[in-house]
Amino acid sequence: MLAAELDQVRDRMEDFVGELFTSFGRREQRLNGGLYLRGLMLDGRRKSMQPMAERVGVDHQRLQQFITSSTWSYVAVRRRLAKRAVDVVTPDAWVLDDTGHEKDGDASPGVARQYTGTAGKVTNCQIAVSVHAVTDTCSAALNWRLFLPEGWDDDCATGIEAERVAVRRARCAIPAGEGHRPKWRQALEMIDELAEWGHTPPVVVSDAGYGDNAGFRGELADRGLSYVMAVKASTTAHSGDAVPVTAAYSGRGRRPVPRYPDPPSALRELALGAGRGSLRQVTWRQGSKKTAGNPTAKMTSRFLALRVRPANRDIPRADDGSLPEVWLLAEWPPHEPEPTDYWISNLPEHTPIRELVRLAKIRWRIEHDYRELKTGLGLTHFEGRSFTGWHRHVTLVSAAHLFLTELRLTSPKASGAA
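Residues numbered from 1 in each chain as written. Predicted model: local features only at pLDDT ≥ 70, side-chain atom pairs only at ≥ 80, totals over all residues. Heavy atoms only, no water.

J.: Would you mind showing me how to read the nonpolar core here?
T.: The nonpolar side chains of a soluble globular protein tend to be buried with one another. Residues Y36, L37, M41, F216, L220 and L396 are the most contacted members of the largest nonpolar core, which totals 116 residues. With eleven residues, the single largest contributor to this core is helix α14 (residues 387–410). The residues contacting F216, other than those within four sequence positions of it, are L96, W184, A187, L188, Y210 and M229. Core analysis: the next-biggest nonpolar cluster, separate from the first, contains six residues, A214, A242, I315 and L323 among them. (Core = buried A, V, L, I, M, F, W, Y, C linked by side-chain atoms within 4.5 Å. Buried < 20%, exposed > 50% of the residue type's maximum accessible area, 1.4 Å probe, protein only. Helix = DSSP H or I, 4+ residues; strand = E, 2+ residues; numbered from the N terminus. Contact = heavy atoms within 4.5 Å.)

Okay, structure coming up:
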């Protein structure tokens, strides 16, 4: 946004800042928080300290001190931000994902050579894990975690390497309790933290990086949460009507336990077995690309939905040996020889296929968020070395994004609205 355009919504901005930073103990902190948000939203290619300070007309050390050494809790700000975001968005789902940012060197917290889907390769980068409240028309980030690879965890190293890791951690002021955890564990931590703040997801949606983890799906189910998660075609399952059988007892050794008589099949095999006759054409939303053949820009494809029982040693069985029954959703576009995408969902058996498809496809919103957060608001422009500073920066970037989202919802023509 231009300075004049931001000035036009000054009153709204002041109200937003006042609510968001109510936990700040000093007036100066609230002023600096407002300056930082303003710097993030004003036009400019870089949203690091120096150029932001120039845009808002202050010494960059003022912003630097606010982010790196001032005494305020990003958790308290994030808690108020999450409440406001849920109220504004009224989400149909929460989407889990992670995003990478290529970095030089190894001084920034969490930086290592690791795979990121953002680049589609192994590269030197930081990775952030996030949870977003989404609908088909708007979305907002609710929570964040910085992923720490094993090379940043002194419990995973020994000898001289452990000493080197300890030095890196101290330099970035990484708290003692922060170590390497799988991304799906961090996602659960964020969901549990949001639950402590009074928020429960309508349904959890993710890509196969999370959905293929049977333990993660089980943790969500244990919490009473519904999910629609992408999985690989090679994921195995029994058909929904498969029944465990108990072999006759021979009178010796342990008594037999109920087992499925046939081995599980890959989801691809189950979908192909159902055949094209099971497909239904589904429209899940209106897109933006109108063509002569599709003047209304309808997003349409063909899908099948089957009841299946995912098979994995980590999935607990009932007393009768049966595995939980869930939905298998598969997209099989016209002219394709087989399905191209697969999802598993524990939504109720009476859930319409259109609702399954709509929720499975709602993940597109998080890509929109990442694009706005990165290119428009400087999510990846933080140049500090502090673990706490990184979390403060991404929290304030999320706040700027929510403010612009509110502008778009109430004043669709507002400049810069995300």
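J.: What is the right way to look at helix α4 (residues 49–56) in this model?
T.: Listing the buried residues of α4 in full gives M49, P51, M52, A53 and V56. Buried residues along α4 sit in contact with α3 (27–41) and α5 (60–68). Residue G57 follows α4 closely and has a positive phi angle near 75°.

J.: Would you mind going over the pattern of salt bridges with me for this structure?
T.: Pairing between side chains of opposite charge can happen when the charged atoms of each approach one another. Taken as a whole, this structure holds 25 salt bridges when the rule is applied. One salt bridge connects R181 with E178, and the closest N-O pair in it is separated by 3.4 Å. Close ionic contact of E338 with R268 constitutes a salt bridge, the shortest N to O distance being 2.9 Å. Within this pair, whereas E338 is found in the loop between β11 (326–331) and β12 (341–345), its partner R268 is found in helix α11 (residues 267–274), the two being separated by 70 residues in sequence. Among the residues examined, E338 registers a relative accessible area of 26% and is labelled partly exposed. In the salt-bridge network here, residues are joined through shared partners; they are R145, E178, R181, E189 and E193. (Salt bridge = Lys/Arg side-chain N within 4 Å of Asp/Glu carboxyl O.)

J.: I tried to follow the side chain of R145 on my own but got confused; where do I start?
T.: Mapped onto the elements of the fold, R145 is located in strand β4 (residues 139–146). Here N143 takes part through its side chain, which lies 3.5 Å from a polar atom of the side chain of R145. Within the structure, the side chain of R145 is placed 3.2 Å from the side chain of E193, a separation counted as a polar contact. The contacts of R145, once residues within four sequence positions are left out, are R78, I127, A128, V129, Q186, E189, M190, E193, W390 and H391. (Polar contact = N/O pair within 3.5 Å; in protein donor to acceptor, adjacent residues only side chain to side chain.)

J.: Where do I start with the packing of α3 against α5 in this structure?
T.: Relative orientation and spacing of two packed helices are given, respectively, by the angle between their axes and the distance between those axes. Taken N-terminus to C-terminus, the directions of α3 and α5 make an angle of 110°; their axes are 10 Å apart at the nearest point. Put simply, α3 runs roughly perpendicular to α5. Side by side, α3 and α5 meet where Q29, L31, N32, G33, L35 and Y36 of the first sit next to R62, L63, F66 and I67 of the second. Class assignment for the residues of the contact of α3 with α5 results in six nonpolar, three polar and one charged. (Axes fitted to C-alpha atoms, helices over the stretch in contact; angles between N-to-C directions. Parallel < 35°, antiparallel > 145°, perpendicular 65-115°, else oblique. Nonpolar A, V, L, I, M, F, W, Y, C, P; charged D, E, K, R; others polar.)

None of this, on its own, says anything about what the molecule does.
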